[in-house]
Structures are given as C-alpha cells and as structure tokens.
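# Per-entry structural report
Listed below are the residues making up each chain.
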Amino acid sequence: MVLQSLHQLYLLGNDIMKGTSSLNTPTTYTVHSREEVGSTNDEVRLLAEQGAHDGTIVWALRQSAGRGRQGRTWVSPVGNLYFSLLLRPGTSIADAANLSFVASLALSDAIRKLDNNLVPRLKWPNDVLISGKKVSGVLLESKADKIGSLDYLIMGIGVNLTHYPEDARYPATSLVEQGLSNKIGPDKLLETFINSFDPWYKLWKKEGFPNVRSAWLDQAHGLGEKIYVRLPGETLSGRFITIDKDGALDLDLDSGKQRLVTAGDVFFAS
Ligand code: BTN
C-alpha cells in the first residue's frame, strides 16, 4: 500500500497519526491522506474521474462538508475516522448495492479485532451499533457509464472514534466511550478496516451475496422484533423478518401485509 502526503498530526495537538509512516494493508489499496477536505466522497470522485484504481482511498482528519445518508450532514471534527473507498467491482449497479452490507461487516470485524470486549450489532442497511447506539455510517454513491452499467462505486465511511453527535436522529456513541483504548487512532482503525474489508470483498466478488447476507443476518439487530421504518412521508410499523436475496428489508406489517423496503431509517421499539 502506498501512503501519500501524510500530514503531521502533531500540528493538531493530537496523537492521531503520530509516528505513522505507512499502513500495513494489501498492496491493492492506496491511501491518500488529507488534513481537511469538504467530503472525502468528493475527493475520491475526482480521483475516480482521473482513472484511479479499485482500492483507492481518501482519508481525511476532518471534513468541512461531510454528508450522511438522505442528504443529512455528517459533522466531522478531528478525532474520528472519515474515508472513502473507490470500488470498481465490475458488477451491475444493483449487485454493487450489496457492498453496503460488506462495509458494515468489515467494520464490525475491525472493531472486534481492536477490542474483543466490544460487541457490534448491525442495523439495516449499514449502520454499526454498540450498546444499541450508532458508531458508524456508510454512504454509497455510484456512477453509471454511458450504457447504464456501473462505472464505479464510492463507499464513504465515518466512524465515531472519540466524538459523536448528541442530537443525532438516532442515538449515537463513540468507540472510546464504549471502552476502546484512546491510544487507537483513526490510522489504526483504517488499517484494521482495510484488512477486514479485503477478504469480504474478495468473497463477495467470487461467490456473490449469499455468504455476506447470512453473516450480516447473524449480527443483525432486532431480527424478528417489532421495528419502525421511516420513509419519506410515512412510517411503517411491523416485524423485521429478514433481508431478501438483494438486501431489501422484509417487513411483516402490523396490517398483516408483507413489504420489502429498499431505503429508509430503522428504529427499534425497545
Ligand atoms: C450515514 O448517514 O449514516 C452515513 C454517513 C457517512 C459519512 C462518511 S464520512 C466519510 C464520507 N464522506 C462523507 O461526506 N460522508 C462519508
């Protein structure tokens, strides 16, 4: 892996990248580090448009215009992890949407590797929860080519390492609040994520969604339980049955009908 333009963290009075000269990851990943950007997703898109390869990453210490799902803001102070991974999986756009589950599985693995006392659970579609609170979010953005096939996918990931928003739509926490050593900086978390992501990505490319789906379901929060799903203009209420073969949320509505949901915000009854 090539680590380019490493910034001096000492300037920020913080330990984050102190002593870091390279991350120990497979050579197919290239990490571009930045002190501050608007959004790492935008930075990696610029690289993608210049032909950057699958596995290109932009990591920033802070973002001034971090984005969350559904047009929300992702507040991005120094101390947390913000990065975007460029992927060119060579699949359809619909299949590439599976990668949001790959991302949350890899994050869960990375967190457990760093502290095996932590027990991450996964909230559909791609949040990681600890003690029922959100520690990370994934924003997927894709670009189609001229004939409508997938050109590339940008997987933007934010992890609350030391900070979390107090007023978030869904209750949040940080890994350090949950007990992770504050000696682990974003660099170590990123390195651990990449090493966790790579085998899942390879497995998914080789075998498709089934293994990813069942591993995700093994860690799913609220399976079989009553949940609410907020959609634009309505809130569904029902029992979380499973995710289907494409990753859609399968809900047994209180009305007795079944509904497959492809986008929305999940809340748990208890
Ligand atoms: C969510 O709403 O849960 C998704 C949040 C995704 C935030 C990350 S931080 C790195 C990347 N850059 C952004 O602007 N957003 C994503």
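The structure we're discussing is the one just above.
These notes cover the structure that comes with them. (Residues numbered from 1 in each chain as written. Predicted model: local features only at pLDDT ≥ 70, side-chain atom pairs only at ≥ 80, totals over all residues. Heavy atoms only, no water.)

## Describing the packing of aromatic side chains
Applying the stated criterion to the full structure yields 7 aromatic pairs. On the basis of an interplanar angle of 90° and a centroid distance of 5.3 Å, the ring pair of Phe101 and Trp216 is categorised as edge-to-face. Of this pair, Phe101 sits in helix α3 (residues 99-114) while Trp216 sits in helix α5 (residues 210-218), placing them 115 residues apart in sequence. The exposure class of Phe101 is buried, given its relative accessible area of 3%. A relative accessible area of 0% places Trp216 in the buried class. Their ring planes at 15° and their centres at 6.3 Å tell us that Tyr201 and Trp204 sit as a pair that is stacked. Placement of the pair is Tyr201 and Trp204 together in helix α4 (residues 186-207), with a separation of 3 residues, close to one helical turn. Each member of the pair, Tyr201 as well as Trp204, is classed as buried. Pairwise contacts between aromatic rings join Phe83, Phe193, Phe197, Tyr201 and Trp204 into one cluster. Cation over ring: Lys123 sits above Tyr170, and NZ or CZ is 4.3 Å from the ring centre. (Phe/Tyr/Trp six-rings, centres within 6.5 Å; stacked < 30°, edge-to-face > 60°. Helix = DSSP H or I, 4+ residues; strand = E, 2+ residues; numbered from the N terminus. Buried < 20%, exposed > 50% of the residue type's maximum accessible area, 1.4 Å probe, protein only. Lys NZ or Arg CZ within 6 Å of the ring centre and 35° of its normal.)

## Some remarks on helix α1 (residues 40-49)
Of all the residues in α1, the buried ones are Thr40, Asn41, Val44, Leu47 and Ala48. All buried residues of α1 fall inside an arc of 120° around its axis, so they share one side. Where the residues of α1 are buried, they touch β2 (30-37), β3 (56-63), β4 (81-87), β7 (133-144) and β8 (150-159). Measuring from the backbone nitrogen of Asn41 back to the side-chain oxygen at the start of α1 gives 3.1 Å, which picks out Ser39 as the cap. Once α1 finishes, Gly51 follows within two positions and takes phi at roughly 95°, a positive value. (Arc of directions from axis to C-beta. Contact = heavy atoms within 4.5 Å. Polar contact = N/O pair within 3.5 Å; in protein donor to acceptor, adjacent residues only side chain to side chain.)

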